[in-house]
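The primary structure of each chain is shown beneath.
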Amino acid sequence: MTIPLRARNLGYSFAEHLSPLFSGVDLGVERGEVVAIVGPSGSGKTTLCHCLSGIIPLIRGGVMEGEVLLDGTPTRALRPPEIAQKLGIVFQDPEAGLFFPVVEDEVAFGPENLCVAPVEIHRRVGASLAAVGMDAFAERNPHRLSGGEKQLVATAAVLSLQPDVLILDEAMSQLDDRGRDMMKDMIRAMRDRGKAVLLVEHDPENLDVADRVLMLHDGELATFDGNWDGFPRSVPGGSAR
Amino acid sequence: MTTPFVKGDYDPRSKLVLVLGLSSLAVVFDYPRILLPLALATVLCALYLRSGVLGSLVRMRRLLWVFLAMGIIQSVFTRGGQPLVELAGVALVTTTGLERGVSIILRIFIILVSAGIMTTSNPRDIIQGLYQWRIPYELAFMVAVAVRFLPLMREEAEDTLTALQLRGVRLEELPLRTRIRTYGYLLTPLIAGVLARARQMSLSVEMRGFRAYPRRTSHRTLVLDGRDYLLMIIALLLVSGAFVAHFRPGPL
C-alpha cells in the first residue's frame, strides 16, 4: 500500500544563488499516523509544509529539489485542485483564509468547489464544525470572532474537504485550553479514521498527540530527542516564510 | 443550522434589478424635476427594504461636504438662464447653474442610497444570485473578495498609523506639508501588507479546490418568489416609464 505523504531527498532554496533552507529531507507519514515537526523560528517549517502540500513548486516559486509524493503521485504532476481532493493544509494565519461573512459559507466553500452534492455539503459543514467545537458558530461572522475561534473555523473549512492527509502549520498557536483540547481530539479522531496528519508545532504541550516527533534544524530533519532545555529557539537571521 | 434555501428577505437579484434601474435613471436624467421624485422613490425603496439610509448618510458625512462642494462648483461655473446672484454686474449663480448643481447632488444621493440597498443582502447570497444568473463564479467571487478587502485595507492602514504614533509621531501636531509626507510613508507598509494578505488568501483559495471543475455546486439555492418578481416588474416599469416619458415627442 502506498504511503499517503512522502518526501524524497527534498530540498529548497529561495533562489539558485542562495544556500538551501533545508536539504536531503526524507519523510513519510503513514495512514493512521500523526507526525510532529518542531524547530526554531526561521528554520523552514512553514516552507517545508508548503513543499509537502504542493504549494511549492505549483504556486510559489523558489528552487525545490527531490520530490514529494501524494498517494504515490509526484505533486509536480498535479494541479492544486487535484491536491485539494487529497490533502488539506491549515495555515498559521487564519485571517487570510476567511473571506465569507458567514462561518457555514466559509466551511462549505471547499466542498462546493469539489462539486459535492448539497445534501452532503450540509452534512460535512455540520460535522466539521462539530469536530472543532464550533457548531454553535455556524451563523456567525468569522471576522468578528477571536483569533482562536478563527483558527478553529479555518480548520473546519479544511476538514470539510475530507482530506486523507492533513497538514497543520502551528494551527493551535492562538487557541485557549478548551480549543486546544478540541483540536487534539480532532487529530486523534483523524488518526483513528486512518488519516495521515502532519503537525508543525512549537509548543511542547501539543506534542502528546504525535506518534513521532522530528526536528528541523540547520537545514536537516532528524528525530527529536525530546530535550527542550537545549532547544534552539530561533535561527539568527532566519526567515523561512 | 444550514438551510437549503434562503427565505424571508427579497432575493438579491430582485434588489439588483431595482438598484440598477434607479442608478441608471440617475445617470441618464439630469433634471431636478425628474431627479427629485426619483430621489424620493429611492429613499422609500431603501426604507421599505430596511436599508439603513440615514446611517449610511451619517457614515458618509465627510464625503457629503465634497458632494455639496461639487454642486456649488457646478452652480458657479455653469452659465445660462437667469442670473440669481450677481457681483459687480457678473452673474455668479444662474438658474441653469443652480439646476446643474442640484442635479449633481441628487444624482450622487440616488446612486449612494440605492447602492446601500445591496448592503441589506449577504454578500454570499449576492455571489450565489449572480452565479445562478450564469455570471461566471470567478467574477462573482472576485466581487466578494474585493468587498472583503476594503475593511482589510482600512485595518491595515489603522495598524500602520497606530504603529507610527506609538513611535512618538503626533500627526495632529505636524505641519500640513509634513503630515501629507508622513501619510505618504504609510503607503509602502500598507501596500506590502495588503499584497501579503492577498497572496496568503490566494493560497487558501487554491488549496481549497477553487476552479477544480468548470462548474461547482452550492449548499444554498436562491429561489425567486412572487414578491421578487413583483419588485422586478415594478423596477422595470419605473425605468421604462421614465424613458418613454423622456424620449416621447413633445415637451417634457
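Residues numbered from 1 in each chain as written. Chains lettered and ligands numbered in written order. Predicted model: local features only at pLDDT ≥ 70, side-chain atom pairs only at ≥ 80, totals over all residues. Heavy atoms only, no water.

A word on the overall build of chain A
Logical step 1: For chain A, the helix and strand inventory stands at seven helices and 10 strands.
Logical step 2: Taking 241 residues into account, the globule formula puts the C-alpha radius of gyration at 18 Å, and chain A, at 17 Å, falls close to it.
Logical step 3: Structurally, chain A occupies a C-alpha span of about 50 × 40 × 35 Å along its principal axes.
Logical step 4: Of all 241 residues assigned to chain A, the portion counted as buried reaches 59%.
Logical step 5: Long-range pairs, those at least 24 residues apart, make up 69% of the contacts in chain A between residues at least 6 apart in sequence.
Logical step 6: Seen as two clouds, the 23 positive and the 35 negative side-chain charges of chain A have centres 3 Å apart. (Helix = DSSP H or I, 4+ residues; strand = E, 2+ residues; numbered from the N terminus. Rg over C-alpha atoms; globule rule 2.2 N^0.38 Å. Buried < 20%, exposed > 50% of the residue type's maximum accessible area, 1.4 Å probe, protein only. Contact = heavy atoms within 4.5 Å. Lys, Arg positive; Asp, Glu negative; His and termini not counted. Charge placed at Lys NZ, Arg CZ, Asp CG, Glu CD.)

Considering empty space enclosed by the protein
Logical step 1: Summed over the entire model, instances satisfying the criterion amount to one cavity of 30 Å³ or more.
Logical step 2: By volume, the largest cavity amounts to about 130 Å³.
Logical step 3: Elements with a minimum of two residues in the lining of the largest cavity: β6 (87–90) and α6 (147–159) of chain A together with α8 (176–206) of chain B.
Logical step 4: Looking at the lining of the largest cavity element by element, the count peaks at three residues for α6(A).
Logical step 5: A class-by-class count of the residues in the lining of the largest cavity yields 10 nonpolar, three polar and two charged. (1 Å grid on protein atoms, 1.4 Å probe; cavity = no way out; pocket = protein on both sides within 12 Å on 5 of 7 lines; lining within 4 Å. Points joined across faces, edges and corners; volume = space filled by probe spheres on them. Nonpolar A, V, L, I, M, F, W, Y, C, P; charged D, E, K, R; others polar.)

Re helix α1 (residues 12–28) of chain B
All names here are of chain B.
Logical step 1: Taking 1.5 Å of rise per residue, the 17 residues of α1 would be expected to cover 24 Å, and the 24 Å separating its terminal C-alpha atoms lies within 8% of that figure.
Logical step 2: With 13 of its 17 residues buried, α1 lies for the most part within the structure.
Logical step 3: A distance of 2.7 Å separates the backbone nitrogen of Arg13 from a side-chain oxygen at the start of α1, and that oxygen is part of Asp11. (Expected span 1.5 Å × (residues − 1). Polar contact = N/O pair within 3.5 Å; in protein donor to acceptor, adjacent residues only side chain to side chain.)

Re the sheet that holds strand β2 (residues 22–29) of chain A
Residues and elements named next belong to chain A.
Logical step 1: The strand order across the open sheet formed by four strands is β2-β1-β4-β5, and the pairing between neighbours is antiparallel. Bordering the open sheet on either side are β2 and β5 (73–74), each of which pairs with just one other strand.
Logical step 2: Of the strand pairs in this sheet, strand β1 (residues 5–13) and β2 are connected by five bridges, and their pairing is antiparallel. Paired with Leu10 across the two strands is Val25, which belongs to β2. (Pairing = 2+ DSSP bridges.)

Looking at unusual backbone geometry
Logical step 1: Backbone torsion omega between A:Ile56 and A:Pro57 reads 10 degrees, so that peptide bond is classified as cis.
Logical step 2: If you trace the backbone, A:Pro57 turns up in helix α2 (residues 55–58).
Logical step 3: Although it is not a glycine, A:Asp218 sits at a positive phi angle of roughly 55 degrees.
Logical step 4: Turning to its location among the elements, A:Asp218 is positioned in the loop between β9 (212–217) and β10 (220–223).
Logical step 5: The backbone phi angle of B:Arg134 is positive, close to 70 degrees, even though this residue is not glycine.
Logical step 6: Relative to the helices and strands, B:Arg134 is located in the loop between α6 (123–132) and α7 (137–166).
Logical step 7: A relative accessible area of 65% means that B:Arg134 is categorised as exposed.

A look at α7(B)
Logical step 1: In this model, α7(B) (30 residues) spans 43 Å end to end at C-alpha, consistent with the 44 Å of a helix rising 1.5 Å per residue.
Logical step 2: Listed in full, the buried residues belonging to α7(B) are B:Tyr137, B:Ala140, B:Phe141, B:Ala144, B:Val145, B:Arg148, B:Phe149, B:Leu152, B:Glu156 and B:Thr160.
Logical step 3: Where α7(B) is buried, its residues contact α4 (103–113) of chain A together with α6 and α8 of chain B.
Logical step 4: Once α7(B) ends, the next one or two residues include B:Gly168, with phi positive near 100 degrees.

Observations regarding the sheet that holds strand β8 (residues 196–200) of chain A
Residue and element names in this part refer to chain A.
Logical step 1: Spatially, six strands are ordered β6-β7-β8-β3-β9-β10 in an open sheet, and the strand pairing comes out mixed. Two strands close off the open sheet at either side, each with one partner strand: β6 and β10. Taken pair by pair, the neighbouring strands of this sheet meet at an average axis angle of 20 degrees, ignoring direction.
Logical step 2: Judged from the five bridges that link them, strand β3 (residues 33–38) and β8 form a sheet pairing that is parallel. Each bridged residue has a counterpart across the sheet, and for Val35 the counterpart in β8 is Leu198.
Logical step 3: The strands touched by α6 are β6 and β7 (165–169); relative to β6, the strand with the most contacts, the crossing angle is about 175 degrees. (Axes fitted to C-alpha atoms, helices over the stretch in contact; angles between N-to-C directions.)

What about the interface of chain A and chain B?
Logical step 1: At the interface, 44 residues of chain A touch 32 residues of chain B.
Logical step 2: Here chain A packs against chain B, burying approximately 3500 Å² in sum over the two surfaces, 59% of which is carbon and sulfur.
Logical step 3: Here chain A and chain B share three salt bridges between them.
Logical step 4: A salt bridge links A:Glu112 to B:Arg216, with the nearest nitrogen and oxygen atoms 3.2 Å apart.
Logical step 5: The tally of links between chain A and chain B comes to 14 residue pairs in polar contact (both at pLDDT 80 or more). (Buried area = accessible area lost by both parts, 1.4 Å probe. Salt bridge = Lys/Arg side-chain N within 4 Å of Asp/Glu carboxyl O.)

What to know about the layout of surface pockets
Any empty space left between the atoms is revealed when a probe the size of a water molecule rolls over them.
Logical step 1: In this structure, the largest pocket occupies an estimated 1400 Å³ of space.
Logical step 2: Lining the largest pocket are 35 residues, and of these B:Thr119, B:Pro123, B:Val147, B:Leu150 and B:Pro151 lie nearest its centre.

Considerations on the environment of B:Thr217
Logical step 1: Mapping B:Thr217 onto the fold places it in the loop between α8 and α9 (226–247).
Logical step 2: Given the relative accessible area of 18%, B:Thr217 is considered buried.
Logical step 3: Taking the C-alpha atoms as reference, B:Thr217 lies 45 Å from B:Gly184; in sequence the two are 33 residues apart.
Logical step 4: Excluding its chain neighbours within four sequence positions, the residues that come into contact with B:Thr217 are A:Pro111, A:Glu112, A:Cys115, A:Val116 and A:Ile121.
Logical step 5: Of note is the side chain of B:Thr217, whose polar atom sits 2.6 Å from the backbone oxygen of A:Val116.

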